[in-house]
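Each chain, written out:
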Amino acid sequence: MEPNTTTATEAKTTFSDILKNSVQENFTNDIDISKIIITLLISFFVGLFIYVLYKRIFSGILYSKSFNVSLIGMTLITSMVIIAINSNLILSLGMVGALSIVRFRTPIKDPTDLIFLFWAAAAGIVTGAGFFSLAIIGSIIIGLVLFVFVKKASLETPYLLVVNCEGDSSEQAIHKQLNVLVKRFNVKQKTVTSNNIEMTVEVRLRDQETRFVNQLMALNGVKNAVLISYSGDYVSQ
């Protein structure tokens, strides 16, 4: 029994030494000023790349410059927090507890905005941890993927056409004109009353040409026509 007890004690001691050495190697109280400057500079340029790309591929209704600038700030702040966490074990535990109570109540309507927020935070974490190559190469790959897919989707901006007409003959004339004038269309909603037909139609334009609305107004029985740009999400009421 004694050899087994000795072996278990040695194994426990060895594991404790390994854990202690690992903590001492990974957490140092001294932070190199040059490392801080390099890390924050790389974080800034990665955040600037995210800023430029977001501005370039934004396809929503209203562009928010303050939100875009916050992406740079998110990258820098997250990087600074990770530098501090890497320097001190006690500080890292305190920050984890403090950051766990932070709640963001600003609603994110566009899923693409959420992707950019998460990207900025992840880039700051990776850069602050010292993985500069991963932060740069990963950001370039993510940026290319988003540019290709989001920009391609934004080339065909969907529009909603709201038309009011008098009867079936006017409705058929509108459909015939749409078949000729737009790339494709899809009726989203139709409301019929005693003397009016209202249609909500999703249309994809040819070369962003909107003059077809004037031609629709020239048809007999068409009362009014409104063309609205939207993000592609439609909720019927």
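Structure's up top.
Rules used throughout
Residues numbered from 1 in each chain as written. Predicted model: local features only at pLDDT ≥ 70, side-chain atom pairs only at ≥ 80, totals over all residues. Heavy atoms only, no water. Helix = DSSP H or I, 4+ residues; strand = E, 2+ residues; numbered from the N terminus. Contact = heavy atoms within 4.5 Å. Areas by Shrake-Rupley, 256 points an atom, 1.4 Å probe, with all protein chains shown as cover. Core = buried A, V, L, I, M, F, W, Y, C linked by side-chain atoms within 4.5 Å. Buried < 20%, exposed > 50% of the residue type's maximum accessible area, 1.4 Å probe, protein only. Patch = residues over 30% accessible without salt bridge, like charges linked within 9 Å, V, L, I, M, F, W, Y side chains within 5 Å. Salt bridge = Lys/Arg side-chain N within 4 Å of Asp/Glu carboxyl O. Phe/Tyr/Trp six-rings, centres within 6.5 Å; stacked < 30°, edge-to-face > 60°. Axes fitted to C-alpha atoms, helices over the stretch in contact; angles between N-to-C directions. Parallel < 35°, antiparallel > 145°, perpendicular 65-115°, else oblique. Left-handed = near helix turned anticlockwise from the far one by under 90°. Nonpolar A, V, L, I, M, F, W, Y, C, P; charged D, E, K, R; others polar. Pairing = 2+ DSSP bridges. Expected span 1.5 Å × (residues − 1).

**Student:** Could you clarify how one ought to interpret the overall build of the chain in this entry?
**Tutor:** A count of helices and strands for the chain gives 8 helices and 4 strands. Taken from N to C terminus, the helices and strands of the chain fall in the order α-α-α-α-α-α-β-α-β-β-α-β. Considering only contacts in the chain between residues 6 or more positions apart, those separated by 24 or more positions represent 72%. Carbon and sulfur atoms provide 63% of the accessible area of the chain, an area that totals close to 15,600 Å².

**Student:** Explain the nonpolar core to me, please; I cannot follow it from the model alone.
**Tutor:** Nonpolar side chains in soluble globular proteins tend to end up buried together. Ranked by internal contacts, the top residues of the largest apolar core, which has 18 residues, are Leu161, Ile174, Leu178, Val203, Phe212 and Leu216. Secondary structure elements with two or more residues in this core: β1 (158–165), α7 (168–181), β3 (197–204), α8 (212–217) and β4 (222–229). Once you skip the residues sitting within four places of it in the chain, leucine 178 turns out to touch Leu161, Phe185, Val201, Phe212 and Leu216. Counting residues in hydrophobic clusters, the runner-up holds 15 residues, among them Ile50, Leu71, Phe116 and Ala120.

**Student:** What exactly am I supposed to notice about a nonpolar patch on the surface here?
**Tutor:** Side chains of Ile136, Ile137, Ile140, Ile141, Leu144, Val145, Phe147, Val148 and Phe149 sit close together on the surface and give an oily, nonpolar patch of about 840 Å² of accessible area. With respect to the element layout, isoleucine 141 can be found in helix α6 (residues 132–154).

**Student:** For this particular structure, what's the right way to read the packing of aromatic side chains?
**Tutor:** Both the distance between ring centres and the angle between the ring planes are used here to describe each pair of aromatic rings. Scanning the entire structure with this criterion turns up 6 aromatic pairs. Where phenylalanine 49 meets tryptophan 119, the ring centres are 6.1 Å apart and the plane angle is 80°; that geometry is what we call edge-to-face. A residue pair is termed long-range when its members are at least 10 positions apart, and phenylalanine 49 in helix α2 (residues 33–57) and tryptophan 119 in helix α5 (residues 111–128) qualify at 70 residues. With relative accessibility at 33%, the residue phenylalanine 49 sits in the partly exposed group. Ring plane angle 40° and centroid distance 5.7 Å describe the contact between phenylalanine 116 and tryptophan 119, whose orientation is recorded as tilted. Taken as a pair, phenylalanine 116 and tryptophan 119 lie in helix α5 at a separation of 3 residues, close to a single helical turn.

**Student:** Looking at this structure, how should I read the environment of glutamine 177?
**Tutor:** Tracing the chain through its elements places glutamine 177 in helix α7. Not counting the four nearest positions on each side in its chain, glutamine 177 is found in contact with Gln215, Leu216 and Leu219.

**Student:** Help me understand the packing of α2 against α5, please; the structure alone is not making it clear to me.
**Tutor:** The axes of two packed helices give the description: the angle between them and the distance between them. For the pair α2 and α5, interaxial distance at closest approach is 9 Å and the crossing angle is 165°. It follows that α2 is roughly antiparallel to α5 by the angle criterion. Along this stretch, α2 crosses α5, giving a crossing that reads as right-handed. Here Thr39, Ile42, Ser43, Val46, Phe49, Ile50, Leu53, Tyr54 and Ile57 of α2 lie close against α5, whose contacting residues are Asp113, Phe116, Trp119, Ala120, Ala123, Thr127 and Gly128. Across the contact of α2 with α5, the residue classes break down as 11 nonpolar, 4 polar and 1 charged.

**Student:** Please clarify how the pattern of salt bridges should be interpreted in this entry.
**Tutor:** Opposite charge on two side chains permits pairing when their charged atoms draw close. The final tally for this structure, using the stated rule, is 3 salt bridges. Between lysine 190 and glutamate 171 there is a salt bridge; the shortest N-O distance is 2.9 Å. Taken together, the residues span a long stretch of sequence, with lysine 190 in strand β2 (residues 184–192) and glutamate 171 in helix α7 at a distance of 19 residues. Classification of lysine 190 as partly exposed rests on a relative accessible area of 42%.

**Student:** Mind showing me how you'd approach the pairing of β2 here?
**Tutor:** Regular strands place their side chains on alternate faces of the sheet. In this sheet, β3 lies alongside β2 in antiparallel orientation, the contact comprising 8 bridges. Bridged to valine 192 within β3 is isoleucine 197. Between β2 and β3, which pair antiparallel and follow one another directly, the connecting turn spans 4 residues.

**Student:** Sorry, what's going on with α5 here?
**Tutor:** What sets the pattern is the α-helix's 3.6 residues per turn: residues three or four places apart point alike. The terminal C-alpha atoms of α5, which comprises 18 residues, lie 26 Å apart, in line with the 26 Å expected from a rise of 1.5 Å per residue. Those residues of α5 lying buried are Asp113, Phe116, Leu117, Trp119, Ala120, Ala121, Ala123, Gly124, Val126, Thr127 and Gly128. With its phi angle positive at about 95°, glycine 130 sits one or two positions after the end of α5.

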